[in-house]
Amino acid sequence: QGLSRIKLYLEDNDDAGLSRLKTVAEGLSLVMDIAALPETDWEESWKENYPPVELGQKLIVLPYWLAQDYEGSRIPVILDPGLTFGTGAHPSTQMVMETMERIVRPGFRCLDLGSGSGILSLVALRLGAQSAIGVDIDPKAESIARENAAYNGFAAPEFTALTGNVTEDTALMERLAKNHYDVVLVNIVADVIVGLS
């Protein structure tokens with residue numbers, strides 16, 4: 001209805017800051033509510049924003065801290081939803097995963113370009129793929145993807161994480177081109193996909 005809310009956080013003892021805020025609020029005819037912030041374990045509270053995500057007919061993406069307690073019948077894909085793209089929450093990731101349920105078969109070899117957290121590679125392996133190679137331009141993604149693979153019980157040669165730009169790194173392109181892939185997963189922006197093709 002055209003209303004906005006502004007939240008500001010001050011230290012308990014910042015009386016000068018609170019006084020300035022009250023003056024500004026009065027000058028702008030704003031209604032101001034003041035409340036103490038409840039005690040929170042900030043190092044752990046962010047985890048509340050990553051509930052399990054059920055996808056398709058078979059899959060569930062679980063943050064690693066909930067994996068031990070999962071007793072359902074879905075195939076778990078365990079992640080640390082940390083510093084890189086690929087938590088299972090993005091619609092394009094979900095659509096790719098739902099499609100993978102239908103097309104990935106046991107024994108498949110998969111290539112995942114723009115792998116981020118490694119989620120699509122891990123889904124492929126969880127669905128029975130023989131191997132998956134994840135490639136991302138971000139060096140942090142490589143180590144995160146390996147950690148996520150370990151959460152799921154995968155390591156080389158089943159899962160390989162690489163860093164590089166497949167549109168510019170000729171040696172990487174040649175290395176990848178030596179293999180045959182049953183499915184290539186590319187969940188990145190369209191202009192990059194056009195360039196890759």
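Peer 1: Explain the side chain of serine 117 to me, using residue names and the numbers behind them.
Peer 2: Take serine 117: it is sitting in the loop between strand 4 (109–113) and helix 4 (119–126). In this structure the side chain of serine 117 is engaged in a polar contact, spanning 3.4 Å, whose partner is the backbone nitrogen of isoleucine 119.

Peer 1: So what about the sheet that holds strand 7 (residues 183–186)? Which residues, and what values?
Peer 2: An order of 6-5-4-7 is seen for the four strands of this open sheet, with the pairing classed as parallel. Because the sheet does not close on itself, it has two edges, and the strands there are strand 6 (159–163) and strand 7. Ignoring strand direction, the axes of neighbouring strands in this sheet form an average angle of 15°. Direction of pairing for strand 4 relative to strand 7: parallel, over a ladder of four bridges. Directly across from aspartate 112, in strand 7, lies its bridge partner leucine 185.

Peer 1: Explain the pairing of strand 4 residue by residue, including any values.
Peer 2: Both faces of the sheet carry side chains from a regular strand, because those side chains alternate between them. The element strand 4 is largely enclosed, with a buried count of four among its five residues. Bridge count for strand 4 against strand 5 (residues 131–136) is five bridges, and the pairing is parallel. Residue pairing for strand 5: arginine 109 is matched across the bridge by serine 131. What joins strand 4 to strand 5 is helix 4, and the crossover it makes is right-handed.

Thresholds, definitions, all that
All residue numbers refer to position in the chain's written sequence, counted from 1. At least 70 in pLDDT is required for a residue's local features to be given in this predicted model, at least 80 for side-chain atom pairs to be given and counted, and no such filter applies to totals for whole chains, interfaces and linings, which use all residues. Each side-chain value is worked out from all heavy atoms of the structure, with water and hydrogens disregarded. Elements are defined by DSSP. Helices are runs of H or I of four residues or more, strands are runs of E of two residues or more, and each kind is numbered from the N terminus. Contacts described as polar in this section are N or O atom pairs within 3.5 Å, which, within protein, must combine one atom able to donate a hydrogen with one able to accept it, while residues neighboring in sequence count only if both atoms come from side chains. Here a strand pair is declared whenever DSSP counts at least two bridges between the two strands. To obtain an axis, a line is fitted to C-alpha atoms, over the contacting stretch when the element is a helix, and the angle between two such axes runs from 0 to 180 degrees between their N-to-C directions. The cut-offs for exposure are 20% and 50% of the maximum accessible area for each residue type, with area from a 1.4 Å probe on protein chains only; residues under the lower value are buried, those over the upper are exposed, and the others partly exposed. When the strands point away from the viewer and the path from the first strand over the helix to the second turns clockwise, the crossover is right-handed.

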